[in-house]
Amino acid sequence: MVRYRIEDGLTDALGYLVRTADGACTVRTRTSDVEIPLAMVIAAKEVPPPPPRRQSVRALSD
């Protein structure tokens, strides 16, 4: 997760850090790769992966 400044405040990019180079980092989110200038980064931290999806009751009874 990378928190960074935008025009109206702060926002987060939640995903995988795939690259850091030339004063920027790239985070692969669910929808796209986001390139963030390091000068705009406020904080970053490793977030654990989401827990595995639980099977539905219907799938267990089949």
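Structure: see above.
Residues numbered from 1 in each chain as written. Predicted model: local features only at pLDDT ≥ 70, side-chain atom pairs only at ≥ 80, totals over all residues. Heavy atoms only, no water.

Caption draft 1: Region of interest: the sheet that holds strand S1 (residues 2-6). Pairing within the open sheet is antiparallel, and its three strands lie in the order S2-S1-S6. Lying at the two open borders of the sheet, with one neighbouring strand each, are strand S2 (9-13) and strand S6 (41-44). On average, each strand axis in the sheet is tilted by 25° relative to the strand beside it, whichever way the strands run. Judged from the three bridges that link them, S1 and S6 form a sheet pairing that is antiparallel. Bridging from a neighbouring strand, Arg3 pairs with Ala43 of S6. (Pairing = 2+ DSSP bridges. Helix = DSSP H or I, 4+ residues; strand = E, 2+ residues; numbered from the N terminus. Axes fitted to C-alpha atoms, helices over the stretch in contact; angles between N-to-C directions.)

Caption draft 2: Region of the structure containing the pairing of S2. Inspection of the sheet shows S1 paired to S2 by five bridges, in the antiparallel sense. Residue pairing in the sheet places Arg5 in a bridge with Leu10 of S2. Hairpin connection from S1 to S2: two residues lie between these consecutive antiparallel strands.

Caption draft 3: Representation of the pattern of salt bridges within the structure. Tallied over the entire structure, the rule returns two salt bridges. Asp33 serves as the salt-bridge partner of Arg28, at 2.8 Å between the closest nitrogen and oxygen. Accessibility expressed as a relative area gives 44% for Arg28, which makes it partly exposed. For Asp33, a relative accessible area of 41% corresponds to the partly exposed category. (Salt bridge = Lys/Arg side-chain N within 4 Å of Asp/Glu carboxyl O. Buried < 20%, exposed > 50% of the residue type's maximum accessible area, 1.4 Å probe, protein only.)

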